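Okay, here's what each chain looks like letter by letter:
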Amino acid sequence: MIVTDIRRITGAAGTTAFRRFTALTVFSSGLQVAAVVLLIPLLHHLFDHNAAGAGPWTAALIAVTAAIWMIERSAAGTGVELGLHAMRAVGRHGVRAIRDTPLEQLTPARKSELRSLVGGGGIELTSMVVLLITPILTAVSFTCFLAVALLFIDWRFAPVTIAGAVLLLGAVLVSERIERGADDAFTGATLELDERLVEFAVAQPALRTAGRVERGSTHVDDAVAGGVRAVRRLLLWQIPGQMLTSTALQLTLLGFGAATWLAYDDGRLDGVEAAVMVIVLMRVIEQITAVSMLASSLHTVGATLRQLREFVERPTTGPGRRPAPGAIRARGIGVTHPDGTVAVTGVDLDLEPGTTTVIVGASGCGKSTLLDVLAGLVEPTTGTVSVGELPVSAADLRAMTTAVFQDTVLGNATIRDNLRITGPELDEVISAAQLDSVPGSSGDGPDTRVGESGNRLSGGERQRVGIARALTAPGDLLVVDEATANLDALNERAIVSSLARVKGRRTTVVVTHRPAVLEIADRVVVMAEGRIVESGTREELSAAGGAYARMEQQWREVRDWRV
Ligand SMILES: Nc1ncnc2c1ncn2[C@@H]1O[C@H](COP(=O)(O)OP(=O)(O)OP(=O)(O)O)[C@@H](O)[C@H]1O
C-alpha cells in the first residue's frame, strides 16, 4: 500500500528512484547478513588462537562493512531524491489545485489542507523514506536472508526466524489498524484547530474594534479542547498496539533461544557457534526493535501518504479553451448552495456581442451569483451556458472572461507594471481611469508602487487600477461586480468613464447598486429573489412602471442612495 502510494505520488521518475532505493537497501541487508555469517569462521579461528587463519576473514569483514557503509550512503541519497520528487509533484499539484478548485470549494478547511500538504507533505515524505522505510525494508530483507543463511547451520533457525518476522509484522499491522481510527480523529481535530486559529487571526481587527476578542476566542477554545481530547484518545490507543508488538518480540526471542539450545543439545552447534548465535540474536533484536519502535509512526505515515495520494490524484479541470467570440446564452440557470439556499433559479439571459448589460436588484437577490456563473467561477446546479450556440464549460468561460470585483488584489509593483501593457494604449487607459493623478499625495502617478496586494492605495484607487487592468487584459467578456459600491463620486466617475471607453468593444455585464453606472447600459436586467423579473432598455423599463421604475423613483428621491 505504502509502496503503491509512493509510486502514484512521485510518478515515473520517482518510481525509478524508489526501485533503486529498494535494490540498494535490500543489497545492503544481504551484506549485513554476510557480515554476521563471517563471524562464525572468524571467531572459530580466534578461539583456536589462530590469528593467521583469522586474518582473511577479518579482511573480508572489513571489506563487507565498508561496502555496507557506501551502499547505505547511496541508498540514503536516493531516498532524499525520492522525497524531492514527491515535493515537486505535491508542489506542482498544489498550484493546479488552487487554480482549478471551484471557489465555493475553496473553504478554510480546504485551504488549511492545501497549506499543510504543499508546505509539509513533501518534506514529510522525504524524511519518511529515509527514517521509516529504510529500517522496515532492512528488517524484512535481513530476516529473510538470515533465515536462508541459518538453514546451513541448523534448519530449526529458519522457521523460527521467519515465524518471528511474520508474527512481528502481523503485530505491527494490527496495532497500526487499532491506532488508525484515533489518528483520523486527531487529524480532523488538528485541521479544525488550524482553521479556527486562522479565522481568529483574520477576524482580529473586527473583534478588537467591537471589543469582542474574548467572546471571539470561544471557537478557538473549543477547537483546542477537541485537539486535547483527540491527543488523549490517540495516546490511549497506542498502548494496546505497543503491548501487542512487545509480546510478539518476546515470543520471537523465546523461539530463537529454544532453537539455539536444541541445536547445541543435539551437538549440531559447538560452543563457539552457540556464542555466535548470541550475536546473531542481538542483530535480529536490533532489527526487530527498530521496526517495533516505528509501529506507532507507521499509521501516521500511512495516513499522510493516503492524503498525499488522494491530493495528487484528485482530478482537476484543465485551464479551459477560449471559445470563438459570439452571443452568450444562459438557459435555465439555477444555483443552490450546499446549505440549501437557492441563490438563482430559472434564469435565461442573452448577451449579444459588444453590448453592455447592467444587472440591478435588492441585496441578496442573486446578482453576484449569476455573474459568477457567467464568469465561470461557479458551476450552476442546473442549466447551461453557450457561446455562439456551442455549450461551454465553466473553465471555458473563465478562459474568455476578465473580471473586476469589489476587492481588487494588485501585485506588489507599480501601477504601470500591474497594467501589463505599454505604449499609447497604456496612456489612454491610464487617462480614462484617471490614474495619472494616483495617489494624489505622492504624485508619482502610474509609477507609484502599490504595496503588497495594493494596500498602499485607497480602496477607490485600487478599484480604478483593477478596472484599468481588466480593460487592458484580453477577454471577450468583461464582468464587473459592484466595482463602484465603495467609491466616492470622483472614483465612480473614473470607473464609469473607463467602462464607457470599451463600450461596444467587448461584451460587458455590470452588477451595481449605483444609478451612475446605468448611463452605459444597453440593456438593464432587474433581479428579485433569484429570478429575472424585468429586462429591457432603461427607457422601456422606466415606461413600464414596474420594479425598475420604482428603483428609479427611489434614486431620484435619495441621491447617492445605496441599498
Ligand atoms: N456560499 C454561500 N452559501 C450559502 N448561501 C449563499 C452563499 N453565497 C451567497 N449565498 C446566498 O445566496 C443569495 C444570493 O447571494 P448574492 O451574493 O448572489 O446576492 P447579491 O444580489 O449579489 O447581493 P448583494 O447585492 O448584497 O451583493 C443570498 O441569499 C445569499 O445569502
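Computed from a prediction, not measured in an experiment: that's the story for all the values here.

Trainee: Can you tell me about the site of the ligand, naming the residues and giving the values?
Mentor: Around the ligand lies a shell of 14 residues, among which S363, G364, K367, S368 and T369 are the nearest. Within the side chain of S363, a nitrogen or oxygen atom sits 2.5 Å from an oxygen atom of the ligand. Between the ligand and C365 there is a distance of 3.0 Å, counted from an oxygen atom to a backbone nitrogen or oxygen. For the ligand, whose accessible area on its own is 630 Å², the fraction buried by protein is 62%. If one sorts the elements of the shell around the ligand by residue count, helix 9 (residues 367–374) sits on top with 3 residues. In terms of residue class, the shell around the ligand is made up of 3 nonpolar, 8 polar and 3 charged.

Trainee: An account of the nonpolar core is requested, with residue identities and associated values reported.
Mentor: Across soluble globular proteins, nonpolar side chains show a tendency to be buried alongside one another. Judged by nonpolar contacts, the single largest core of 51 residues is most densely connected at F157, F256 and V280. Put simply, the parts of the chain that give this core at least two residues each are helix 1 (2–47), helix 2 (51–100), helix 3 (108–151), helix 4 (157–202), helix 7 (218–265) and helix 8 (271–313). The dominant element in this core, judged by the number of residues it contributes, is helix 1, at 15 residues. Excluding its chain neighbours within four sequence positions, the residues that come into contact with F256 are L150, F157, V160, T161, M277, V280 and L281.

Trainee: Describe the sheet that holds strand 1 (residues 328–336), with residues and values.
Mentor: The strand order across the open sheet formed by 4 strands is 2-1-4-5, and the pairing between neighbours is antiparallel. Both outer strands of the open sheet, strand 2 (342–351) and strand 5 (390–392), are each paired with one neighbouring strand and no more. The mean angle between the axes of side-by-side strands here comes to 30 degrees, regardless of whether they run parallel or antiparallel. Contacting strand 1, strand 2 and strand 4 (382–387), helix 9 runs over the sheet at an angle of about 55 degrees to strand 2.

Trainee: Give me a nonpolar patch on the surface: which residues, what numbers.
Mentor: A cluster of nonpolar side chains, contributed by V148, L151, F152 and W155, occupies part of the molecular surface with about 500 Å² of accessible area. With respect to the secondary-structure elements, F152 resides in the loop between helix 3 and helix 4.

Trainee: Which residues make up the pattern of salt bridges, and what values do they have?
Mentor: Summed over the entire model, instances satisfying the criterion amount to 12 salt bridges. When the shortest N-O distance is used, the salt bridge between D154 and R156 registers 3.3 Å. Here the two residues D154 and R156 agree in accessibility, since each one is buried. Each of R329, R331, D350, E352 and E389 takes part in one network of salt bridges that share partners.

Trainee: Quick rundown of the sheet that holds strand 7 (residues 477–481)? Include the residues and the values.
Mentor: Across the sheet, which stays open at both edges, the 6 strands sit in the order 6-7-8-3-9-10 with mixed pairing between neighbours. In this open sheet, the two strands that pair with only one neighbour each are strand 6 (401–404) and strand 10 (531–536). Averaged over all neighbouring strand pairs, the angle between strand axes comes to 20 degrees, with direction disregarded. With 4 bridges connecting them, strand 3 (residues 356–361) and strand 8 (residues 507–511) associate as parallel partners. Looking at the pairing, T356 lines up with T508 of strand 8. Its contacts with the sheet place helix 13 (residues 459–472) against strand 6 and strand 7, and it is angled at close to 175 degrees to strand 6.

Trainee: Quick rundown of the packing of aromatic side chains? Include the residues and the values.
Mentor: Under the defined criterion, the tally for this structure stands at 2 aromatic pairs. Ring plane angle 45 degrees and centroid distance 5.4 Å describe the contact between F157 and F256, whose orientation is recorded as tilted. With a gap of 99 residues between them, F157 in helix 4 and F256 in helix 7 connect regions that are remote in the sequence.

Trainee: Got a sec to walk through the pairing of strand 1? Specific residues and values, please.
Mentor: Pairing of strand 1 with strand 2 involves 6 bridges; the strand directions are antiparallel. Within strand 2, the residue paired with V335 across the bridge is V344. Once strand 1 ends, the chain turns through 5 residues before running back antiparallel as strand 2, passing G340 with a positive phi of about 95 degrees. In this sheet, strand 4 lies alongside strand 1 in antiparallel orientation, the contact comprising 5 bridges. Looking across to strand 4, one finds that R331 is bridged to T384.

Trainee: So what about helix 7? Which residues, and what values?
Mentor: Its 48 residues place the ends of helix 7 71 Å apart at the C-alpha level, agreeing with the 70 Å of an ideal helix rising 1.5 Å per residue. G267, located one to two residues past helix 7, shows a positive phi value of around 85 degrees.

Trainee: Help me get a handle on helix 16 (residues 547–557), residues and values and all.
Mentor: All of the buried residues in helix 16 are Y548, A549, M551, E552 and W555. The buried residues of helix 16 all sit within an arc of 160 degrees when viewed along its axis, so they share a single face. What points out from helix 16, more than 90 degrees from its buried face, is the exposed set R550 and E557.

Trainee: Account for the packing of helix 13 against helix 14 (residues 489–502), naming residues and giving values.
Mentor: Across the interface, helix 13 lies against helix 14 with an axial gap of 10 Å and an inter-helix angle of 5 degrees. With respect to each other, helix 13 and helix 14 are oriented roughly parallel. Here G460, E461, Q463, R464, I467 and L471 of helix 13 come into contact with helix 14, specifically with L490, N491, A494, I495, S498, L499, R501 and V502. Residue composition of the contact of helix 13 with helix 14, grouped by class: 7 nonpolar, 4 polar and 3 charged.

Rules behind the numbers
Residues numbered from 1 in each chain as written. Predicted model: local features only at pLDDT ≥ 70, side-chain atom pairs only at ≥ 80, totals over all residues. Heavy atoms only, no water. Near = heavy atom within 4 Å. Polar contact = N/O pair within 3.5 Å; in protein donor to acceptor, adjacent residues only side chain to side chain. Areas by Shrake-Rupley, 256 points an atom, 1.4 Å probe, with all protein chains shown as cover. Helix = DSSP H or I, 4+ residues; strand = E, 2+ residues; numbered from the N terminus. Nonpolar A, V, L, I, M, F, W, Y, C, P; charged D, E, K, R; others polar. Core = buried A, V, L, I, M, F, W, Y, C linked by side-chain atoms within 4.5 Å. Buried < 20%, exposed > 50% of the residue type's maximum accessible area, 1.4 Å probe, protein only. Contact = heavy atoms within 4.5 Å. Pairing = 2+ DSSP bridges. Axes fitted to C-alpha atoms, helices over the stretch in contact; angles between N-to-C directions. Patch = residues over 30% accessible without salt bridge, like charges linked within 9 Å, V, L, I, M, F, W, Y side chains within 5 Å. Salt bridge = Lys/Arg side-chain N within 4 Å of Asp/Glu carboxyl O. Phe/Tyr/Trp six-rings, centres within 6.5 Å; stacked < 30°, edge-to-face > 60°. Expected span 1.5 Å × (residues − 1). Arc of directions from axis to C-beta. Parallel < 35°, antiparallel > 145°, perpendicular 65-115°, else oblique.

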